[in-house]
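An overview of the molecular structure
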Amino acid sequence: MAETMDTEGGGAAQGSGKVDGSLVEKAVDALLKWNGTQKQREKAQLLEDDQLMYVVVGMNKVPENGRTNAYRVPLPHPLYDGNSHEVCLIISDREHAKVKLSKQVAKERIEKEGLRIAKVIPLSKLKTDYFSFEAKRKLCGSYDMFLADDRILGELPKLLGKAFYRKKKHPVPVDLTRAQWTGQIMAALNSTFVYLSGGTCSVVKVARVSQPREEIVANVMAVVEGVAEQVPKKWANIRAYFLKTLESASLPLYQALPVMPLKIELPVVSQLEVKKSVKSAKKEKASAKKENASAKKENASAKKEKASVKNEKAAVKNEGGDDMDVVEETVVAEKTKKRKKSDVEGKRKVSRKGAIATGA
């Protein structure tokens, strides 16, 4: 099923029909050239920085079942050769374990099988000597890869801290209860790991800049095929592949075309739901009409009440005016009576005075 394409350097890049091998070669050549120009611009360093190359995986959907442990993808050319890269092994030295393992016993097994392990750390020492954050950070930067006894894998996130998991240096589990360690330890060293949890994007280590060009291309093609086999729904869930170093731009390797144009999916509505919604709308309209009619009646009754109040006020004013007229009439009549009485009394007095005068 794989296609074989001749490379410019005389090698061959194998790939499926999904990813173009010549495009992978061009991306690798561009990154190697960019890295060479960056080294020339920067000042000379005491230790050469052997940068890693990464394949960025873009998925269409987040995997439904989250997984803490990584998927293993075999590489044709390992990232860690054991000569220039150091590997640390974390062992379980519990006293009540079925298979007891001490640091001395582990070192003897490593020397006997010819394994290149730079450091062996028992679980008890990890708890005491690497308790502080600074000690954990220093341990994380001291080794290129970490292997751990699978019996203590659940305890390591708390003991190692966030620094290991941010830098993607998760300890790779190995079964140290077996009679031989060579097979599984070499399989771990000759593989890369894919972490598919937390989003639709994942980063996978594929090669080192110091490796030959043909080895880098072969590793990239192996990772592209291996990741597609591990991802749920496989190629149907792969949206894009990119190749990059830590500081470079991302170069596209694969871009999936949409199967159908973008559209808005409306929820399926049954006829019964449509009828129910129509009936509820009619009921709402009828209730709104009733409310309007009742509001109109209330307004009319309020207007009537206002008119009656005005009429009552006018009647009160009219009644008050008639009373004043009656009072005024009575006052005038009393004044006229008093005047008449005074006039009569004055006439009487005058007549009396005249009578007296004539009699005298």
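Residues numbered from 1 in each chain as written. Predicted model: local features only at pLDDT ≥ 70, side-chain atom pairs only at ≥ 80, totals over all residues. Heavy atoms only, no water.

For the rest of this paragraph, the subject is the pairing of strand β3 (residues 52–59). Counting buried residues along β3, eight of its eight residues qualify, which places the element largely inside the surrounding structure. Covered by surrounding structure in β3 are Leu52, Tyr54, Val56 and Gly58 together with Met53, Val55, Val57 and Met59, the residues of both alternating faces. Across seven bridges, β3 lies against strand β10 (residues 201–208) in antiparallel orientation. Following the sheet pairing, Tyr54 is matched in β10 by Lys205. (Buried < 20%, exposed > 50% of the residue type's maximum accessible area, 1.4 Å probe, protein only. Helix = DSSP H or I, 4+ residues; strand = E, 2+ residues; numbered from the N terminus. Pairing = 2+ DSSP bridges.)

Moving on, we get to the sheet that holds β10. On the basis of which strands lie adjacent, the open sheet formed by four strands has the order β10-β3-β11-β12 and antiparallel pairing. The sheet is open, and its two borders are formed by β10 and β12 (251–255), each paired with just one other strand. With direction set aside, neighbouring strand axes in the sheet form an average angle of 20 degrees. Sheet contacts for helix α1 (residues 21–41): β3, β11 (238–245) and β12; angle to β12, the most-contacted strand, approximately 165 degrees. Sitting on the sheet, helix α8 (residues 213–230) is in contact with β3, β10, β11 and β12, with an inclination near 150 degrees to β10. (Axes fitted to C-alpha atoms, helices over the stretch in contact; angles between N-to-C directions. Contact = heavy atoms within 4.5 Å.)

It is at 10 Å that the axes of α1 and α8 come closest, and there the two elements cross at 130 degrees. Judged on the interaxial angle alone, α8 and α1 are oblique. Every pair of crossing elements has a handedness; the one defined by α1 and α8 is right-handed. Here Gly21, Val24, Glu25, Val28, Asp29 and Leu32 of α1 lie close against α8, whose contacting residues are Arg213, Ile216, Val217, Val220 and Met221. Of the residues contributing to the contact of α1 with α8, the split by class is seven nonpolar, one polar and three charged. (Parallel < 35°, antiparallel > 145°, perpendicular 65-115°, else oblique. Left-handed = near helix turned anticlockwise from the far one by under 90°. Nonpolar A, V, L, I, M, F, W, Y, C, P; charged D, E, K, R; others polar.)

Our next topic: the sheet that holds strand β6 (residues 119–122). Taken in spatial order, the four strands of this open sheet run β6-β5-β7-β8, and their pairing is parallel. Each edge of the open sheet carries a strand with a single partner, namely β6 and β8 (172–174). Mean inter-strand twist for the sheet, computed between neighbouring axes without regard to direction, equals 25 degrees. Taken together, the three bridges between strand β7 (residues 145–149) and β8 define a ladder with parallel strand orientation. Across the sheet, the residue bridging to Leu147 is Val172, located in β8. This element, helix α2 (residues 103–113), spans β5 (87–91) and β6 of the sheet and lies at about 150 degrees to β6.

With 73% of its residues at a pLDDT of 70 or more, the protein chain has an overall mean of 76. Within the protein chain, the lowest mean pLDDT, 36, falls on strand β1 (residues 3–6), and the highest, 89, falls on α8. Scored below 50 in pLDDT, residues 1–15 shows 34 contacts in the model against residues more than four places distant or in partner chains. (pLDDT = per-residue confidence, 0-100.)

Turning our attention to unusual backbone geometry. The phi dihedral of Lys233 is positive, around 70 degrees, even though this residue is not glycine. Its place among the elements puts Lys233 in the loop between α8 and β11. Positive phi, close to 55 degrees, is recorded for Lys234, a residue that is not glycine. With relative accessibility at 42%, the residue Lys234 sits in the partly exposed group.

Right, let's talk about the environment of Arg208 for a bit. Mapped onto the fold, Arg208 is located in strand β10. Taking the C-alpha atoms as reference points, Arg208 and Leu52, 156 residues apart in sequence, are found 4.4 Å from one another. Polar side-chain contacts of Arg208 include one of 3.1 Å to the backbone oxygen of Leu79. (Polar contact = N/O pair within 3.5 Å; in protein donor to acceptor, adjacent residues only side chain to side chain.)

Taken together, the side chains of Lys275, Lys279, Lys282, Lys283, Lys285 and Lys289 make up a positively charged region of the molecular surface. Within the secondary structure, Lys275 is located in helix α9 (residues 271–359). When its relative accessible area of 53% is taken as the criterion, Lys275 is described as exposed. (Patch = residues over 30% accessible without salt bridge, like charges linked within 9 Å, V, L, I, M, F, W, Y side chains within 5 Å. Areas by Shrake-Rupley, 256 points an atom, 1.4 Å probe, with all protein chains shown as cover. Salt bridge = Lys/Arg side-chain N within 4 Å of Asp/Glu carboxyl O. Lys, Arg positive; Asp, Glu negative; His and termini not counted. Charge placed at Lys NZ, Arg CZ, Asp CG, Glu CD.)

Helix length check: α1 (21 residues) gives 31 Å between terminal C-alpha atoms against 30 Å at 1.5 Å per residue, within 8%. Taken together, the buried positions of α1 are occupied by Gly21, Val24, Glu25, Ala27, Val28, Leu31, Asn35 and Gln38. Take α1 and look down its axis: the buried residues cluster within an arc of 165 degrees, on one side only. The outward face of α1, more than 90 degrees from its buried face, is lined by the exposed residues Lys26, Lys33, Gln40 and Arg41. (Expected span 1.5 Å × (residues − 1). Arc of directions from axis to C-beta.)

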